[in-house]
Amino acid sequence: DVDRYKHFLEQHYDLNPRGRNDAYCDTMMRRRGLTSPCKDTNTFIHGTENNIKDICTDKNGEPYKENFRRSKSPFQVTTCKLRGGSTRPPCRYRATAGSRNIAIACGPGLPVHFDESF
Ligand code: T3P
């Protein structure tokens, strides 16, 4: 449903990133409300909404594991991984940028959950 899709976008969608380095992660994780407590791992997808939505159809996706779908084409992604053991803010992240296929869960036709990239 649409609310879960909006939540997915808020957490995982960033079409035109600046930097894609550790500072990018620190800023984005805070801006997207993922820092109270510090979320351990979060991936930002630098693709269009339409290309991401197409993972939920045969156009750019195929079944994967139980409830997931994986993209047929790779996306530019940046994964932010919390540094250090504490989830108490301020949250400092390590960025890993690359081009990867991604696995997501779809509600009725819409992405609702990010699973992994590979
Ligand atoms: P959410 O369900 O809020 O999208 O797997 C647990 C959470 O970690 C899940 O959050 C997805 C997120 N995650 C990433 O964003 N990127 C990754 O590469 C992995 C492994 C997990």
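See the structure shown above.
Residues numbered from 1 in each chain as written. Predicted model: local features only at pLDDT ≥ 70, side-chain atom pairs only at ≥ 80, totals over all residues. Heavy atoms only, no water.

*Asks:* Looking at this structure, I do not really get the nonpolar core. What am I missing?
*Replies:* Generally speaking, nonpolar side chains in soluble globular proteins are found buried as a group. In terms of nonpolar packing, the biggest core is built from 14 residues, with Phe 8, Ile 45, Ile 52, Phe 75, Ile 102 and Ile 104 touching the most fellow members. Counting only elements with at least two residues in this core, the list comes to helix H1 (2-12), strand S4 (75-82) and strand S6 (102-106). Looking at this core element by element, the count peaks at three residues for H1. Aside from chain neighbours lying at most four places away, what touches Ile 104 is Phe 8, Ile 52, Ile 55, Cys 56, Phe 68, Arg 69, Pro 111, His 113, Phe 114 and Asp 115. Among the nonpolar cores identified, the runner-up in size contains twelve residues, and Met 28, Cys 38, Phe 44 and Leu 82 belong to it. (Core = buried A, V, L, I, M, F, W, Y, C linked by side-chain atoms within 4.5 Å. Buried < 20%, exposed > 50% of the residue type's maximum accessible area, 1.4 Å probe, protein only. Helix = DSSP H or I, 4+ residues; strand = E, 2+ residues; numbered from the N terminus. Contact = heavy atoms within 4.5 Å.)

*Asks:* So what exactly am I meant to see when it comes to the state of the cysteines here?
*Replies:* Think of a disulfide as a covalent bridge from one cysteine sulfur atom to another cysteine sulfur atom. This model, assessed by the stated rule, comprises three disulfides. A disulfide bridge connects Cys 25 with Cys 80, and the sulfur atoms are separated by 2.1 Å. Between Cys 25 and Cys 80, the S-S dihedral sits near -80°, and the bridge is therefore left-handed. Here Cys 25, found in helix H2 (residues 22-31), pairs with Cys 80, found in strand S4; they are 55 residues apart in sequence, far enough to count as distant. Neither residue differs from the other here; Cys 25 and Cys 80 are each classed as buried. What pairs with Cys 56 in a disulfide is Cys 106, and their sulfur atoms sit 2.1 Å apart. Judged by the torsion about the S-S bond (-90°), the Cys 56/Cys 106 disulfide is left-handed. Of this pair, Cys 56 sits in the loop between helix H3 (49-53) and strand S2 (61-64) while Cys 106 sits in strand S6, and the two are 50 residues apart along the sequence. By relative accessible area, which is 13% here, Cys 56 ends up buried. (Disulfide = S-S within 2.5 Å.)

*Asks:* So what exactly am I meant to see when it comes to the site of the ligand here?
*Replies:* As a matter of local geometry, the ligand sits amid Gln 11, His 12, Lys 39, Thr 41, Asn 42, Thr 43, His 113, Phe 114 and Asp 115. Note that an oxygen atom of the ligand is positioned 2.7 Å from one of the side-chain N or O atoms of His 12. One nitrogen or oxygen atom from the side chain of Thr 43 is found 2.6 Å from a nitrogen atom belonging to the ligand. In isolation the ligand has 470 Å² of accessible area, and contact with the protein removes 64% of it. (Near = heavy atom within 4 Å. Polar contact = N/O pair within 3.5 Å; in protein donor to acceptor, adjacent residues only side chain to side chain. Areas by Shrake-Rupley, 256 points an atom, 1.4 Å probe, with all protein chains shown as cover.)

*Asks:* Would you mind going over the sheet that holds strand S3 (residues 68-71) with me for this structure?
*Replies:* By way of backbone hydrogen bonds, the strands of a sheet pair with one another, either parallel or antiparallel. Ordered by their spatial adjacency, four strands build an open sheet running S2-S3-S6-S7, and the pairing between neighbours is antiparallel. Two strands bound the open sheet, and with one partner strand each, they are S2 and strand S7 (111-117). Strand-to-strand twist in this sheet, taken as the mean axis angle between neighbours without regard to direction, amounts to 35°. Relative to S7, S6 runs antiparallel, the two sharing five bridges. When the sheet's bridge partners are listed, Ala 103 is paired in S7 with Glu 116. Lying on the sheet, H1 is in contact with S6 and S7; it crosses S7 at an angle near 35°. (Pairing = 2+ DSSP bridges. Axes fitted to C-alpha atoms, helices over the stretch in contact; angles between N-to-C directions.)

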